[in-house]
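Residues per chain, in single letters:
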2 protein chains.
Amino acid sequence: MDPRRPPSLQDVRTAAEAIAGVAHRTPVITCTSLDRLAGAQLFFKAENLQKGGAFKFRGATFAVKSLSDTEAARGVATHSSGNHAQALALAAKTRGIPAYIVMPRDSMAAKRAAVESYGGQITECEPTLTAREETLASVVRTCGAEIIHPYDDARIIAGQGTAALELLEEVPDLDAIVAPVGGGGLLAGTAIAGRGLRPSIRIVGAEPTLADDAHRSLETGVRQPPRPPQTVADGLRTALGELNFAILRETVDEIALVGETGILEAMRLLWERAKLVVEPSGAVPLAALLSHAPPARQRIGVILSGGNVDLCRNPSCNFWH
Amino acid sequence: MDPRRPPSLQDVRTAAEAIAGVAHRTPVITCTSLDRLAGAQLFFKAENLQKGGAFKFRGATFAVKSLSDTEAARGVATHSSGNHAQALALAAKTRGIPAYIVMPRDSMAAKRAAVESYGGQITECEPTLTAREETLASVVRTCGAEIIHPYDDARIIAGQGTAALELLEEVPDLDAIVAPVGGGGLLAGTAIAGRGLRPSIRIVGAEPTLADDAHRSLETGVRQPPRPPQTVADGLRTALGELNFAILRETVDEIALVGETGILEAMRLLWERAKLVVEPSGAVPLAALLSHAPPARQRIGVILSGGNVDLCRNPSCNFWH
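Residues numbered from 1 in each chain as written. Chains lettered and ligands numbered in written order. Predicted model: local features only at pLDDT ≥ 70, side-chain atom pairs only at ≥ 80, totals over all residues.

1. Re the overall build of chain A
Applied cut-off: Elements are defined by DSSP. Helices are runs of H or I of four residues or more, strands are runs of E of two residues or more, and each kind is numbered from the N terminus. A pair of residues counts as a contact when their C-beta atoms, built from backbone coordinates, are within 7 Å of each other.
Helix and strand counts for chain A come out as 13 helices and 10 strands. Once the C-alpha set of chain A is aligned to its principal axes, its extents read approximately 55 × 50 × 40 Å. Partitioning the intrachain contacts of chain A with sequence separation of at least 6 by distance along the chain shows that 74% fall at a separation of at least 24.

2. As for the confidence of the model for chain A
We count it as follows: pLDDT runs from 0 to 100 and stands for how confident the predictor is about each residue.
Residues of chain A with pLDDT of at least 70 account for 98%, and the chain-wide mean is 94. Interface scoring of the predicted complex returns ipTM 0.92; its pTM is 0.94.

3. Thoughts on the packing of helix 3 (residues 56–66) of chain A against helix 5 (residues 83–95) of chain A
Residue and element names in this part refer to chain A. Which entries qualify depends on this criterion: To get an axis, a line is fitted to the C-alpha atoms, and for a helix only the part in contact is used. The angle between two axes follows their N-to-C directions and goes from 0 to 180 degrees. In these notes the angle categories are as follows: under 35 degrees is roughly parallel, over 145 is roughly antiparallel, 65 to 115 is roughly perpendicular, and the rest is oblique. We call a crossing left-handed when the near helix sits turned anticlockwise from the far one by less than a right angle, and right-handed when that turn is clockwise.
Across the interface, helix 3 lies against helix 5 with an axial gap of 8 Å and an inter-helix angle of 45°. Overall, the two elements helix 3 and helix 5 adopt an arrangement that is oblique. As for the relative orientation of helix 3 and helix 5, their crossing is right-handed in sense. Of the residues in helix 5, those touching helix 3 at K56, F57, A60, T61 and V64 are N83, H84, A87, L88, L90, A91, A92, T94 and R95.

4. A few points about the environment of V64 of chain B
Residue and element names in this part refer to chain B. Mapped onto the elements, V64 comes out in helix 3 (residues 56–66). Sequence-wise, V64 and I97 are 33 residues apart; in three dimensions their C-alpha atoms are separated by 9.0 Å. Dropping the residues within four chain positions of it, V64 is found in contact with V76, A91, A92 and R95.

5. Observations concerning the relation of the copies chain B and chain A
As a reminder of what qualifies: Here the copies are superposed with least squares, the fitted atoms being C-alpha atoms of residues at a pLDDT of at least 70 in both.
Rotating chain B by 180° and translating it 0.0 Å along the rotation axis places it on chain A, where the RMSD comes to 0.0 Å. One copy is carried onto the other by what is essentially a two-fold rotation axis. Take the interface residues of chain B: 100% of them recur as interface residues in chain A, which is what a same-surface contact looks like.

6. Focus on unusual backbone geometry
Residue and element names in this part refer to chain A. Heads up, the condition is: Backbone-placed C-beta atoms define the burial measure: a residue is buried with 20 or more other C-beta atoms within 10 Å of its own, exposed with 12 or fewer, and partly exposed in between.
For K275, which is not a glycine, the phi torsion comes out positive at approximately 60°. Along the chain, K275 turns up in the loop between helix 12 (260–272) and helix 13 (280–291). Given 28 C-beta atoms within 10 Å, K275 falls into the buried group.

7. A word on the interface of chain B and chain A
Accessible area lost during the coming together of the parts is what is often quoted as the interface size. Selection rule: Any residue that is not Ala, Val, Leu, Ile, Met, Phe, Trp, Tyr, Cys, Pro, Asp, Glu, Lys or Arg is counted as polar, Gly included; the first ten are nonpolar and the last four charged.
Tallying the contact residues gives 24 residues for chain B and 24 residues for chain A. Its residues assigned to classes, the side of chain B that touches chain A shows 12 nonpolar, seven polar and five charged.

8. Section: the pairing of strand 5 (residues 121–125) of chain A
Residue and element names in this part refer to chain A. Worth spelling out the cut-off: Strands pair, by our definition, only if DSSP identifies at least two bridges between them. Crossovers are marked right-handed if the path from the first strand over the helix to the second runs clockwise, as seen with the strands pointing away from the viewer.
Sheet topology places strand 4 (residues 99–104) next to strand 5; five bridges connect them, and they run parallel. From the neighbouring strand, Y100 faces strand 5, where its bridge partner is Q121. With helix 6 (residues 109–117) bridging strand 4 and the parallel strand 5, this β-α-β connection has right-handed handedness.

9. Some thoughts on helix 7 (residues 129–143) of chain A
Test applied: A helix is expected to reach a length of 1.5 Å times the quantity of its residues less one.
Counted at 1.5 Å a residue, the expected span for helix 7 of chain A with its 15 residues is 21 Å, and the 21 Å between its end C-alpha atoms agrees. Directly beyond the C-terminal end of helix 7 of chain A, a positive phi value near 70° is found at G144 of chain A.

10. Topic: the domain arrangement of chain A
Residue and element names in this part refer to chain A. Using the following cut-off: Domain delimitation follows an automatic or database domain assignment.
Domain annotation for chain A reports domain 1 (9–54 + 153–304) and domain 2 (75–144). Here the C-alpha centre of domain 2 lies 26 Å away from the C-alpha centre of domain 1. With five residues of domain 1 at the interface, the matching set in domain 2 holds six residues. Residues belonging to the side of domain 1 that touches domain 2 are distributed by class as follows: two nonpolar, two polar and one charged.

11. As for the sheet that holds strand 4 (residues 99–104) of chain B
Taking strand neighbours across the sheet as the criterion, the four strands line up as 5-4-3-6 (chain B) in an open arrangement whose pairing is parallel. In the strand order of this sheet, the two ends are held by strand 5 (121–125) and strand 6 (146–147) of chain B, each with one partner.

12. A short note on the sheet that holds strand 10 (residues 299–304) of chain B
All names here are of chain B. Strand order in the open sheet made by the six strands is 1-2-10-7-8-9, with mixed pairing throughout. At either end of the open sheet lies a strand with only one pairing partner, and these are strand 1 (28–29) and strand 9 (254–258). Across the face of the sheet, helix 9 (residues 185–197) comes into contact with strand 7 (176–180), strand 8 (202–208) and strand 10 while running at roughly 165° to strand 7.

13. Focus on helix 13 of chain A
All names here are of chain A. Here helix 13 contains 12 residues, and its C-alpha end-to-end distance of 16 Å stays within 8% of the 16 Å for a straight helix at 1.5 Å per residue. With 10 of 12 residues buried, helix 13 lies mostly within the body of the structure. The complete set of buried residues in helix 13 reads P280, S281, G282, A283, V284, P285, L286, A287, A288 and L289. Its buried side turned inward, helix 13 meets helix 2 (32–38), strand 7 (176–180), strand 8 (202–208), strand 9 (254–258), helix 12 and strand 10 (299–304).

14. Some points on the environment of G144 of chain A
All names here are of chain A. Position of G144 among the secondary structure elements: in the loop between helix 7 and strand 6 (146–147). The exposure class assigned to G144 is exposed, which follows from the 11 C-beta atoms found within 10 Å. Taking C-alpha positions, G144 is 5.9 Å from R74, a pair spaced 70 residues apart along the chain.

15. Quick look at the pairing of strand 2 (residues 41–46) of chain B
All names here are of chain B. Here strand 2 lies mainly inside the structure; five of its six residues are buried. In the sheet, strand 1 pairs with strand 2 via two bridges, with the strands oriented antiparallel. Paired with V28 across the bridge in strand 2 is K45. Summarising the sheet, strand 2 and strand 10 pair through six bridges and their orientation is parallel. Across the sheet, residue A46 finds its bridge partner in strand 10, namely L304.

16. Re the packing of helix 5 of chain A against helix 6 of chain A
Residues and elements named next belong to chain A. Put simply, helix 5 and helix 6 touch, their axes get as near as 8 Å, and they point 10° apart. On the basis of the axis angle, helix 5 is roughly parallel to helix 6. Relative to helix 6, helix 5 is oriented so that their crossing is left-handed. Across the interface between the two elements, A85, Q86 and A89 of helix 5 pack against K111, A114 and V115 of helix 6. Counted by class, the contact of helix 5 with helix 6 contains four nonpolar, one polar and one charged residues.

17. Observations concerning the nonpolar core
Going by this rule: We define the nonpolar core as any set of buried residues of the types Ala, Val, Leu, Ile, Met, Phe, Trp, Tyr and Cys, connected via C-beta atoms lying within 7 Å of each other.
Ranked by internal contacts, the top residues of the largest apolar core, which has 223 residues, are L88 of chain A together with L88 of chain B. In this structure, L88 of chain B is in contact with A60, V76, T78, A99, I101 and I148 of chain B, ignoring residues within four places of it in sequence.

18. Some details on the environment of I19 of chain A
All names here are of chain A. Along the chain, the position of I19 falls in helix 1 (residues 9–19). Classification of I19 by C-beta neighbours within 10 Å gives buried; the count is 23. Each C-alpha atom, one on I19 and one on G159, is 8.1 Å from the other, the two residues being 140 residues apart in sequence.

What follows is the structure, encoded as structure tokens:
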């Protein structure tokens, strides 16, 4: 499979077969009280319950599975400070091959520990994009591992599309699907699966106003650089990928923008009403639905992308009563 | 169906048919990192994702559905300050009949609001058991409604047993099931379904040491009064029911006791690792498994009974990072 060409619905189906029994088939959750607030019927695809706590494990598993035995023996490599590093290390461990992860020196200790617990081999670097890319290139020169980009790679996109594929298998008559957009791999995969299975479906990306590069890129028709990272939705601070931009231009109806307060309020509602621990990035689609009222009584799929947060450890705070 | 006779496996099956399409068929969740901590393979029945946020909706729905049209027209009644009040009001609303709920004056505002939002008609009383029972008797004299006891009623027990029935349909080869025990309705229903479907299965109740009346009752063979309510697991402070005591004596292998720290630690682990918001009572079975190591590599069903907590609203606390 060519990592630089847009994947097809058939590629998403191939990915679904490849990851079956390795990744979780996550449940679809409904919640009457959130339906009432949104004025629509919502079907949450709970990727916070995926292995590693996020959808990322789907794409990483498919990318690792697509390698030939010879390629796989040399291992996989990436630079990442977040969920992709964990997902790739876990996927590599599942196939029994090495994973070389370049992590900036200021990565969170918990994320480093997770990568190490999956057997990932960490190389530290300075916390700049140049240092990350140079260090990765040098690691790969030594070991010959295959670089797996976190989102701008057809294998990753096809893998992430399996979440929407499963959702539409369970709820075929959706009017729309909303997914968050950061680098764009999840939204691109969602759009390919959604449009492929149901051409009339509306595909909506949800993006923080403070990280609106996908919105500006689709408005202007030219890929725009990201703003300085500020949004609380840390998973969506990355730049929109080139391949993903090309796919989104053809397939996405709208990028809805949401403010920071809306993201936090949606996150609290998901914890309180749906009883699901969802990270800020994962709450962005619900925030979009609550601030831009969808047509009444529509049936809307919502991808809850992940649940990796650290609970408050302030000793004066119980985080619940 | 006689509310005073122990229900059979067939009654649980009847309940499952009656509540199908009304109650959620909740997902069974697995989590590798919790498996590692417990040294066993755990299958969590996520009743925190049930309508109303707790298993209680199962029993309440079956009890309401078992009434004849004439009985139903007079409505249902109960006294409760907690999840049963909400579940019964919601179940009655689903059938379109009145629900009369006697609530002590010191009930939480949020719980009153939930009962009212389901159309439940609240009568206030003093916060003593005598006042609750007398007020309920007077309400029922006026309206002729059917009293639905929160746990010591065969219809309720059969309804709660449907959670274990669904769990064993999905994972038939469990070695054991662990459920929390308060009034005993959930554990009795679990035992009837579990033993009925799989006679060799081990049935374990999990109970806070600070509310160990079920443990003491089974040890001594005589139903023991509860201690003054102290445990953080507020759902398990109730007295063990008489009918439930009779059922548990015949069907339960063990009541495992757990300390308060263990309950809070298990609750945090469920939020952090399994991404599920679970209330303290719902975390008691995992706490039992973590403090009493089960035989290695066993396959164990765990009933996560509910997720109704209030998130911290202390403005200095985010409850996450």
